[in-house]
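# Descriptive analysis of the structure
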Amino acid sequence: WFLLLVVVGLGAFGGHFTIGAFTSRLYPREVRSTGVGVATGMGRFGSIFGPAILAGLMAMKLSPVMVLSVLAVPMIICAVSVIVLSNDAKKREI
């Protein structure tokens, strides 16, 4: 279960720290600040509802491995998104 804990932790921190870098390259200059704000807002949405979802999973008396497996799914999606967006961001001009 330690590997799952690492995946969840790296996904959460990695996703949070790359939001500004990638969104600033993906949006045109005219709407760049709005794009970064919306992306950051979506991250805040997750930080608000994430603990409630975690509490719900723990209330269901799931094993720690099962809880971390459920939490690892969005983190893996985040990691794949970062890889895809980084390839797209390299092609764009600032």
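Residues numbered from 1 in each chain as written. Predicted model: local features only at pLDDT ≥ 70, side-chain atom pairs only at ≥ 80, totals over all residues. Heavy atoms only, no water.

## Some details on the confidence of the model for the protein chain
A residue-level look at the protein chain finds 87% of positions with pLDDT of 70 or above and a mean pLDDT of 78. When pLDDT is averaged over each element of the protein chain, helix H2 (residues 32-59) comes out on top at 84 and helix H1 (residues 2-26) at the bottom at 72. (pLDDT = per-residue confidence, 0-100. Helix = DSSP H or I, 4+ residues; strand = E, 2+ residues; numbered from the N terminus.)

## Details of H2
In this model, H2 (28 residues) spans 41 Å end to end at C-alpha, consistent with the 40 Å of a helix rising 1.5 Å per residue. Along H2, the largest kink reaches about 35° and is centred on Phe49; proline Pro51 follows within four residues of it. What H2 keeps buried is the set Arg32, Gly35, Ala39 and Leu57. Just downstream of H2 lies Lys61, where phi reads positive at about 60°. (Expected span 1.5 Å × (residues − 1). Bend = angle between axes of the 7 residues up to and from the residue. Buried < 20%, exposed > 50% of the residue type's maximum accessible area, 1.4 Å probe, protein only.)

## Some points on the layout of surface pockets
In this model, the largest pocket occupies a volume close to 1100 Å³. Taken together, 36 residues make up the lining of the largest pocket; nearest its centre are Ala12, Gly43, Gly46, Ser47 and Met75. A total of 16 residues in the lining of the largest pocket trace back to one element, the largest contributor, which is H2. By residue class, the composition of the lining of the largest pocket is 23 nonpolar, 12 polar and one charged. (1 Å grid on protein atoms, 1.4 Å probe; cavity = no way out; pocket = protein on both sides within 12 Å on 5 of 7 lines; lining within 4 Å. Points joined across faces, edges and corners; volume = space filled by probe spheres on them. Nonpolar A, V, L, I, M, F, W, Y, C, P; charged D, E, K, R; others polar.)

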